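Okay, here's what each chain looks like letter by letter:
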Amino acid sequence: MKLIALIFSLLWSVPSWAALPFALSAPELTAKSYLLYDYNSGQVLLARNADTHIDPASLSKLMTAYLAFDAIKHNTVTLTQELAVPDRATSKLAMGESRMLLRTGQTVSVQDLLRGLIVQSASDAAITLAVHIAGSELGFVDMMNKEAARLGMKNTHFTSPAALADPQHYSTATDLVRLAAAIIRDYPQHYAMFSEREFTFNQVTQANRNKLLWIDPFADGLKTGQTETAGFCLIGSAKRDKRRLISVILGTESDIVRANESQKLLNYGFQNFDIARVYRKDQAIAKVRVWKGTESEVDVGFTKDLYLTFPKGQQALLTAKIETLQPLLAPISAGQPLGTLKLFLSGKPYAEFPLTALSSSAVANVFARGWDSIHLLIRELRD
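Residues numbered from 1 in each chain as written. Predicted model: local features only at pLDDT ≥ 70, side-chain atom pairs only at ≥ 80, totals over all residues. Heavy atoms only, no water.

**Regarding the overall build of the chain**
What counts here: Secondary structure counts use DSSP, requiring at least four H or I residues in a row for a helix and at least two E residues in a row for a strand, with both numbered from the N terminus. Only protein chains enter the accessibility calculation, which uses a 1.4 Å probe; a residue is then buried when its area is under 20% of its type maximum, exposed when over 50%, and partly exposed in between. We call two residues contacting when some pair of their heavy atoms lies within 4.5 Å.
Helix and strand counts for the chain come out as 9 helices and 17 strands. Reported as C-alpha extents along the three principal axes, the dimensions of the chain are approximately 80 × 50 × 35 Å. Considering the chain as a whole, with its 383 residues, one finds that 50% of them fall into the buried category. At a minimum sequence separation of 6, the contacts of the chain that also span at least 24 residues come to 66%.

**What to know about helix α4 (residues 123–134)**
In plain terms, the rule: Helix span, as expected, comes to 1.5 Å for every residue beyond the first.
Taking 1.5 Å of rise per residue, the 12 residues of α4 would be expected to cover 16 Å, and the 16 Å separating its terminal C-alpha atoms lies within 8% of that figure. With 9 of 12 residues buried, α4 lies mostly within the body of the structure. Inspection of α4 places S123, D124, A125, A126, I127, T128, L129, A130 and I133 among the buried residues, and these make up the whole buried set. Summarising the contacts, the buried residues of α4 are in contact with α1 (61–73), β4 (82–84), α2 (88–91), α3 (110–119) and α5 (137–150). Of the residues flanking the end of α4, it is G135, one or two places downstream, whose phi is positive at about 95°.

**Re the confidence of the model for the chain**
The following threshold applies: Confidence of the prediction at every residue is given by pLDDT, a number between 0 and 100.
When the pLDDT values of the chain are averaged, the result is 91; 93% of them are 70 or greater. This model gives residues 8–22 a pLDDT under 50, and the stretch forms 38 contacts once residues within four places in sequence are excluded.

**With respect to α1**
Between the first and last C-alpha of α1 there are 18 Å, a value that for 13 residues agrees with the 18 Å anticipated at 1.5 Å per step. Considered for burial, the residues of α1 that qualify are K61, L62, M63, T64, A65, Y66, L67, A68, F69, A71 and I72. In this structure, the buried residues of α1 make contact with α3, α4, α5, α6 (173–186), β8 (219–227) and β9 (231–240). Count one or two residues on from α1 and you reach N75, which has phi positive near 60°.

**Quick notes on the pattern of salt bridges**
Threshold: Salt bridges are identified by distance alone: a Lys or Arg side-chain nitrogen within 4 Å of an Asp or Glu carboxyl oxygen.
According to the stated counting rule, one finds 14 salt bridges in the structure shown. One salt bridge connects E323 with K342, and the closest N-O pair in it is separated by 3.1 Å. Taken together, the residues E323 in strand β15 (residues 318–326) and K342 in strand β16 (residues 337–345) connect sequence positions 19 residues apart. By relative accessible area, E323 is classed as buried at 11%. On the accessibility criterion, K342 (21% relative accessible area) is partly exposed. Put simply, K342 and E352 hold a salt bridge, and the shortest N to O gap is 3.9 Å. Taken together, the residues K342 in strand β16 and E352 in strand β17 (residues 348–357) connect sequence positions 10 residues apart. Taking relative accessible area as the criterion, E352 reaches 53% and is therefore assigned exposed.

See below:
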């Protein structure tokens, strides 16, 4: 098999002039680990120690919320359903654990438990939801780890729905941004809870610890976390016009520092990068040769719109190259991965996206296959 490259210009309108390449000045941050992610394009714009294992503290309650949303979707529970608070939700928690002050045996709606979990970071709400959804905490932890694997969170392991301290409870900035993006993508109908600044339950009002909601008018989520080992952590998100960025800040020294550094990351992304749709869903961007098939070529492209984030003023400096493994032999089915679109900025590698077949080619008859076999043999002898 040989790697065949096809170089071509990006199929969009670009100005006749182009700005000179420049090095972006990244913000100075004290966080031990951080990451800035463009939700629309799926690109990481800036990162440091993003794959280093850390204690995610209460950021891991995002997975508890994600599984609760999934349980609602599949009618395991409903938002209005009243759940009885188990003894473990009140007796197991150590002093200082965030809670919504539930009492054993008390019945609380799923919606209130979710708001307690998300706004107040309530561990008693997390355990109550977990026990009722999975039957036990251990069963729910198993669900958490299976879902993490499905989402591609390769460096994450959960041991508690309430993020109770454990050396085997860990994640990374890369994995946590996957989880945050999954919540926004899969359950937009519940996302407004993450922007609530306070929640009152049993006549006790507790403020959301996410100070980003106060200092950034575009911020609308997501979650804070803090332990002695983790430091102060925050996954934040902001949307300006139709563009959304997600920031992950891990291991700062205070709640205000994590909020300020989150805002610095978000501002850096919005101020220094643009985004554009490069290709439309099902748009044929090239044809690739197929051997021994009923069709000698198939179209390749993407099964959803492809967006690209790039430094401001640098759009005209982007070029693209398609790489496929040749020879491609029939049968080829629509949706089958066929290669990679590689993008370059000023000649340097910038981003890669998998290409799929948009059309099909069945296996040809014996005579056509024989003819192609002769051609392939001749090509191989020449090479």
